[in-house]
Amino acid sequence: MKIVIIGAGSHCFGFGTVVDILRAPALQRQHESVEVALVDPDTAALERVYAAALRLRDHLGVTTTISATAERREALPGADFVVVSVARRRWVLWEQDFRVPLAHGFRHVLGENGGPGAVFHALRSFELILPICRDIEALCPTALMLNFTNPEARVLHAVCHLTRVRAAGLCHGVFGAIRRLSEYLGRPAANFEVTSAGMNHFYCVLRVTDRATGADLLPQALAAAAADTRPESSPLFRHFARVFDVFTFPSEDHIGEYVSFGSEFQGTQWHYGIERRRLRLTEPPAVDWLGDYAAGRLAADDPRVVRPSGEVAVPLICDVATDAGGRHDAMNVLNTGGYIENLPRDGVVEVPGTADAAGLHPLVVGPLPEAFAAFMRPQYTIHSLLTEAYRTRSRKLLLQALLLDPVVNSITQAEAMLGEMLALQAEFLPTFA
């Protein structure tokens, strides 16, 4: 069995995925030969992850074959799974995604997955992901691609409509809701089963079932969420519980990206900008745990480096590889099976599902609360417009996608912003006419 990791040079994503693979006894038991191919054009970052991976493999005493290359076409032949998380100049461009729309008067939140900034984030991700998909089609057409690249729903929409790749999107966001449910219910998460559904980063909990009694615990959790006025609580999340009777992602910056009133609670500062942190006369050097580990300056089992990633790719791969049929709380897939009754069939939804040797099996969960679904449906039109705009290189369709966003309230400013961003990020985008 062969797993290719594209974007492997990342400290957290790349090495974290390797840790999960090497610590997965199900893979080692089921397959005599497990091969992991690390891919990243940043050769210095790739070499650091590769060296760290070899050290951990030897420490654990497993037989997994590990290779590294800057050329993905060298790694892809024979792949069974391709795990992808890629970006270029992530922080600098993300800051443009946030600040330029704000300078044109659009009070959006975060600028990553929703809002006007996410239009450009999506286009840059398309430029990276779709060529990868073309290589998968040519070199390992039966492989399952598991995508972590944001904006997840927009990226996967383009992949599913513009390529023939078998693909699903994964995200750990649902665990935030599960932790909050555990807090409100006063019981371990293992005691209840959660069914949540919606769009990536904008889902709601539909059912919380007590595993012992079968009782529905959602009303109790909703009441606690609506009444939670602690300073450290999430007011936008609380208002969704209070006004719309939905228990959504308890993260203001994510759900705030999809509604017109998100900035009422998040303000207009960029979360990662200099306006959010104190500046010191001297900055301490960054700590390179992974480099120190690769060089042998840390213990082989140092928990700061070799702890599980907390992501869901490897557990899902294990279930497919071993035909386990395990349940997974969130997978992003096209809604072709009507898994969410009142969302478009050609849109990407996030629902629970199972995984076995036949692949991924999303579960039918029924409708979302109608008011919550109404917030979501314009996003699906935006996704479709972006995919078609990218396919046809249509600037007009990009403008239409921008104007449908709930925070965009000026055609003239939207056109001006579009021209400015296409010029600023021309190196990372195709040309639109």
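Residues numbered from 1 in each chain as written. Predicted model: local features only at pLDDT ≥ 70, side-chain atom pairs only at ≥ 80, totals over all residues. Heavy atoms only, no water.

Q: Please explain the nonpolar core as it appears in this structure.
A: Side chains of nonpolar character tend, in soluble globular proteins, to be buried together. In this structure, Phe15, Val82, Met145, Phe247 and Leu368 are the most contacted members of the largest nonpolar core, which totals 144 residues. Looking at this core, the element that brings in the most residues is helix α6 (residues 116-139), giving ten residues. Excluding its chain neighbours within four sequence positions, the residues that come into contact with Val82 are Val4, Ile6, Leu76, Ile136, Cys140, Ala143, Leu144, Met145 and Leu146. The next biggest cluster of nonpolar side chains, apart from the first, holds five residues, and it includes Trp94, Phe98, Leu110 and Trp270. (Core = buried A, V, L, I, M, F, W, Y, C linked by side-chain atoms within 4.5 Å. Buried < 20%, exposed > 50% of the residue type's maximum accessible area, 1.4 Å probe, protein only. Helix = DSSP H or I, 4+ residues; strand = E, 2+ residues; numbered from the N terminus. Contact = heavy atoms within 4.5 Å.)

Q: Is there a simple way to explain the pattern of salt bridges in this structure?
A: Once their charged atoms are close, side chains differing in charge can pair, the charge on each being opposite to the other. Within this structure, the stated rule accounts for 24 salt bridges. A salt bridge links Arg48 to Asp288; its shortest N-O distance comes to 4.0 Å. You can see Arg48 sitting in helix α3 (residues 43-60) and its partner Asp288 sitting in the loop between α12 (263-266) and α13 (289-294), a full 240 residues away along the chain. Classification of Arg48 by relative accessible area gives partly exposed; the value is 23%. According to the relative accessible area criterion, Asp288 is partly exposed, its value standing at 28%. Connected via shared salt-bridge partners are Arg180, Glu183, Asp228, Arg230 and Glu232. (Salt bridge = Lys/Arg side-chain N within 4 Å of Asp/Glu carboxyl O.)

Q: Got a minute to help me understand the side chain of Ser196 in this structure?
A: With respect to the helices, strands and loops of the structure, Ser196 is situated in strand β7 (residues 192-199). Setting aside anything within four residues of it in sequence, one finds Ser196 in contact with Val174, Tyr203, Cys204, Val205, Leu206, Asp329, Glu350, Val351 and Pro352.

Q: What is the right way to read the pairing of strand β4 (residues 81-84) from this model?
A: Each regular strand carries side chains that alternate between the two faces of the sheet. Of the two faces of β4, the one carrying Phe81 and Val83 and the one carrying Val82 and Val84 are both buried. Relative to β4, strand β1 (residues 2-6) runs parallel, the two sharing four bridges. From the neighbouring strand, Ile5 faces β4, where its bridge partner is Val83. Across four bridges, the pairing between β4 and strand β5 (residues 144-147) is parallel. Across the sheet, residue Val83 finds its bridge partner in β5, namely Leu146. (Pairing = 2+ DSSP bridges.)

Q: Just to check I follow, could you spell out the pairing of strand β10 (residues 348-356) for this structure?
A: Taking burial as the measure, the nine residues of β10 include eight buried ones, the bulk of the element. Direction of pairing for β10 relative to strand β11 (residues 359-362): antiparallel, over a ladder of four bridges. Of the residues in β11, the one forming a bridge with Gly353 is Pro362. The antiparallel hairpin formed by β10 and β11 contains two residues in its connecting segment.

Q: Sorry if this is basic, but what is going on with the environment of Arg166 here?
A: By secondary structure assignment, the location of Arg166 is in strand β6 (residues 166-169). Considered as a pair, Arg166 and Phe81 are 85 residues apart in the sequence and their alpha carbons are 9.9 Å apart. The residues contacting Arg166, other than those within four sequence positions of it, are Thr142, Ala143, Leu144, Met145 and Gly359. Within polar-contact distance, the side chain of Arg166 engages the backbone oxygen of Thr142 at 2.7 Å. (Polar contact = N/O pair within 3.5 Å; in protein donor to acceptor, adjacent residues only side chain to side chain.)

Q: It is not clear to me how the packing of aromatic side chains should be interpreted in this structure. Could you clarify?
A: Think of a pair of aromatic rings as described by two things: how far the centres are apart, and how the planes are tilted against each other in angle. This structure, assessed with the given rule, holds 20 aromatic pairs. Ring centres of Tyr184 and Phe247 lie 6.1 Å apart, and the angle between their planes is 85°; this geometry places the pair in the edge-to-face category. Highlighted residues: Tyr184 in helix α8 (residues 174-185) and Phe247 in the loop between α10 (235-244) and α11 (252-255), separated in sequence by 63 residues. Here Tyr184 and Phe247 have matching classes, each one buried. (Phe/Tyr/Trp six-rings, centres within 6.5 Å; stacked < 30°, edge-to-face > 60°.)

Q: Sorry if this is basic, but what is going on with the state of the cysteines here?
A: Think of a disulfide as a covalent bridge from one cysteine sulfur atom to another cysteine sulfur atom. As enumerated under the stated definition, the model contains zero disulfides in all. We note that Cys133 lacks a disulfide partner, and the nearest cysteine sulfur, in Cys160, lies 8.8 Å from it. Take Cys204: it sits in no disulfide, and the sulfur closest to it among the cysteines is that of Cys171, at 16 Å. A residue is classified by how much of its surface remains accessible, and Cys204, at 1% relative accessible area, is buried. (Disulfide = S-S within 2.5 Å.)

Q: It is not clear to me how the packing of helix α17 (residues 395-403) against helix α18 (residues 411-424) should be interpreted in this structure. Could you clarify?
A: Two measures define how a pair of helices packs: the angle their axes make with one another and the distance between the axes. In contact at an axis separation of 10 Å, α17 and α18 are set at 125° when each is read in the N-to-C sense. Overall, the two elements α17 and α18 adopt an arrangement that is oblique. Considering only the axes of α17 and α18, their crossing is right-handed. Here Arg395, Leu398, Leu399, Leu402 and Leu403 of α17 lie close against α18, whose contacting residues are Ile411, Ala414, Glu415, Met417, Leu418, Gly419 and Leu422. (Axes fitted to C-alpha atoms, helices over the stretch in contact; angles between N-to-C directions. Parallel < 35°, antiparallel > 145°, perpendicular 65-115°, else oblique. Left-handed = near helix turned anticlockwise from the far one by under 90°.)

Q: What am I meant to see in unusual backbone geometry here?
A: Peptide bonds are, in most cases, trans, and in most cases residues other than glycine have a negative phi. Along the chain, Asn150 connects to Pro151 via a cis peptide bond; the corresponding omega equals -5°. Tracing the sequence through the fold places Pro151 in the loop between β5 and α7 (152-162). Of note, the phi angle at Asp245 is positive, near 55°, even though the residue is not glycine. Following the sequence through the fold, Asp245 ends up in the loop between α10 and α11. On the basis of relative accessible area, Asp245 is assigned to the exposed category, the value being 54%. The backbone of Arg393 shows a phi angle near 60°, a positive value even though the residue is not glycine. With respect to the helices, strands and loops of the structure, Arg393 is situated in the loop between α16 (370-392) and α17.

Note that every value here comes from positions in space, so none of it alone points to a role or purpose.
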